[in-house]
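Observations on the model geometry
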Amino acid sequence: MKTVFIILLLLAVFTSSAAETEATPEWLVQVAAKKHQAPEQMLSILEANQAEFANLTAEQQAFWLNQQAAVLSYLGRYQEQQNAALQGLNLLGDSSVSLKAELMFELGYAREMQLALSEALSWYQQGLALAKDLAEEKLQVRGMINIAAIDSMQDRDQQALQTLKQAYSKAKVLNDKEVLAEVNAQLGLMYSALSFEQEAQEFLEQALALYAELGWQKNHVTVLYNLARNYSYLENFERALQSYESMLQSALKEQDVLNLYYAYSGLAITSNEMGRPQVALNYMQKAEEYLDVIQSDYYLAGHHYEKALIYQALQQNTQAMQQLLLAEEHYEKLEDKESGNMLLALHLLKAELLAEQGQYERAYQQLFQFVYGFQQFRDKENELALAKTRMAFEAERDVARQSLLEQEYQLKALQLAEIAHQKQIQWMWMAMLVVLGVILIATLLLLRSSKRNQARSSTTL
């Protein structure tokens, strides 16, 4: 009996020792807990303990890589985030654990930020399916938010709103601040993009308050940026500038280089919208001091497009066209060119710049491409169905109808612009014919006069 007791005691000690050996290091647990609040510092901890990576189990290594991917996403280092997430998934293999779903979401986000939207959607869908199998409610909400973001970017707005509505309901039941903040932020961003600015403001302000409570500074600053853009859409430019200034001060305090870029570029865009292009150019040049942190060709294309608009406002068309060509170069590098809004904007601005340079035929071609693209864009969504879905969030019908009417007016304005350009070209041809006619008549008159003179000369002789 005594011998059995000793064996059991030794077995217990061995099991306890093995458990301690396999326990996740305390500093790695700290990284997981604080990655949202202080990503730069947590990345430093990971790098300082890099030598420990080889001593961890495969699952602990995957856990490490998941934290690293999340931190890198905050810093805008999407290619590195992608590499970390892929490595983590390879380590987990065929195992079905919640960590695998998290890594799928990280990989999806990295691909989304590189505008590989189809691939991103695939990873999000796989992660959501796994979360459902594991009955992980919080992960399910995250997956739904991610999928809705892709649907929105691919112009499936009705589907995206329905998904977000379900995610919002689940988040309310869970009463989890993190997922509530995320779903409010996404709803606000989406309504802002759909020109439902009042509704957008409500959701963005709720997200802002929740991120402040959580202490997720970078998320808080991102929502400030989106809120500022929404104020601009409402033409409340002073409040937009205030939001950007708050964002700038926060970024300066934290030495947050990525958000320093976005704060300065936001100030530039808003200043240009206010009719202050020189001030806007100064801000944009300040933003370019941090441009190297932007790794996404989509956002780089957006930067050069906005700078082209500023030069256009300054009537410096040569510089504007140079910036537009840079924007087109970055757009052409995108793997999935499914961002119709960006392409439409590039076509329209190029048409305007060519017209201002007197190249009307080329301008007309660009405008025709814009109108054709705009019509295709409108055909992808049924606005009435979108309005009905929006009513689920108790929005007013009149606002939705007004928005639809405004879009109809925009289309008519584009059609009128196309007709005007056609007339312009017709007038040019008519003017050329008139000039040629005048030259021909003048030539005939000269010939006639010459013949008369010759006849008189002959008579005199």
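Here we summarise the structure given alongside this text. Note that the coordinates shown come from a computational prediction; the quantities given were computed from them, not determined experimentally.

**Some points on the overall build of the protein chain**
Scanning the protein chain for helices and strands turns up 21 helices and zero strands. A total of 461 residues make up the protein chain; the buried ones form 48% of that total. Within the protein chain, contacts between residues separated by at least 24 positions form 61% of all contacts whose residues are at least 6 apart in sequence. For the protein chain, the accessible area works out to roughly 24,200 Å², and carbon and sulfur atoms hold 54% of it.

**Topic: helix α5 (residues 78-92)**
Between its first and last C-alpha, α5 extends 21 Å over 15 residues, near the 21 Å set by a 1.5 Å rise per residue. Within α5, the full set of buried residues consists of Tyr78, Gln81, Gln82, Ala84, Ala85, Gly88, Leu89 and Leu92. Looking straight down α5, one finds its buried side chains confined to an arc of 165 degrees; they lie on one side. For α5, the secondary structure elements touched by its buried residues are α4 (58-74), α6 (98-113) and α7 (117-133). Phi for Gly93, located one or two positions after α5, is positive at around 60 degrees.

**Let's talk about the nonpolar core**
In this structure, Val183, Leu187, Tyr211 and Met247 are the most contacted members of the largest nonpolar core, which totals 90 residues. Those residues in contact with Tyr211 that lie beyond four places of it in its chain are Ala181, Glu182, Ala185, Trp216, Asn219, His220 and Val223. Among the nonpolar cores identified, the runner-up in size contains 16 residues, and Leu28, Val31, Phe53 and Trp64 belong to it.

**Observations concerning the side chain of Asn219**
Structurally, the position occupied by Asn219 is in helix α12 (residues 217-233). Every residue in contact with Asn219, bar those within four places of it in the chain, is listed here: Tyr74 and Tyr211.

**Focus: the pattern of salt bridges**
Taken as a whole and assessed by the stated rule, the structure comprises 12 salt bridges. Arg156 serves as the salt-bridge partner of Asp151, at 2.8 Å between the closest nitrogen and oxygen. You can call Asp151 buried: its relative accessible area is 2%. Residue classification places Arg156 among the partly exposed positions, given a relative accessible area of 26%. When the shortest N-O distance is used, the salt bridge between Arg229 and Glu273 registers 3.0 Å. Of this pair, Arg229 sits in helix α12 while Glu273 sits in helix α14 (residues 257-273), and the two are 44 residues apart along the sequence. In this structure Arg229 comes out as buried when scored by relative accessible area, which is 12%. With relative accessibility at 35%, the residue Glu273 sits in the partly exposed group.

**Examining the packing of aromatic side chains**
Centre-to-centre distance and the angle between the planes together describe a pair of aromatic rings. Per the stated rule, a full pass over the model turns up 14 aromatic pairs. A ring pair is formed by Phe53 and Trp64, whose centres lie 5.1 Å apart and whose planes are at 80 degrees; its orientation type is edge-to-face. Pair noted here: Phe53 is in the loop between α3 (39-48) and α4 and Trp64 is in helix α4, with a separation of 11 residues, a long-range link. Assigned by exposure class, Phe53 and Trp64 land together as buried. Centre to centre, the rings of Tyr264 and Tyr290 are 6.2 Å apart; their planes meet at 0 degrees, and the pair counts as stacked. One end of the pair, Tyr264, is in helix α14; the other, Tyr290, is in the loop between α15 (277-287) and α16 (297-313), with 26 residues separating them in the sequence. Given the relative accessible area of 11%, Tyr264 is considered buried. What makes Tyr290 buried here is its relative accessible area of 17%.

Calculation criteria
Residues numbered from 1 in each chain as written. Predicted model: local features only at pLDDT ≥ 70, side-chain atom pairs only at ≥ 80, totals over all residues. Heavy atoms only, no water. Helix = DSSP H or I, 4+ residues; strand = E, 2+ residues; numbered from the N terminus. Buried < 20%, exposed > 50% of the residue type's maximum accessible area, 1.4 Å probe, protein only. Contact = heavy atoms within 4.5 Å. Areas by Shrake-Rupley, 256 points an atom, 1.4 Å probe, with all protein chains shown as cover. Expected span 1.5 Å × (residues − 1). Arc of directions from axis to C-beta. Core = buried A, V, L, I, M, F, W, Y, C linked by side-chain atoms within 4.5 Å. Salt bridge = Lys/Arg side-chain N within 4 Å of Asp/Glu carboxyl O. Phe/Tyr/Trp six-rings, centres within 6.5 Å; stacked < 30°, edge-to-face > 60°.

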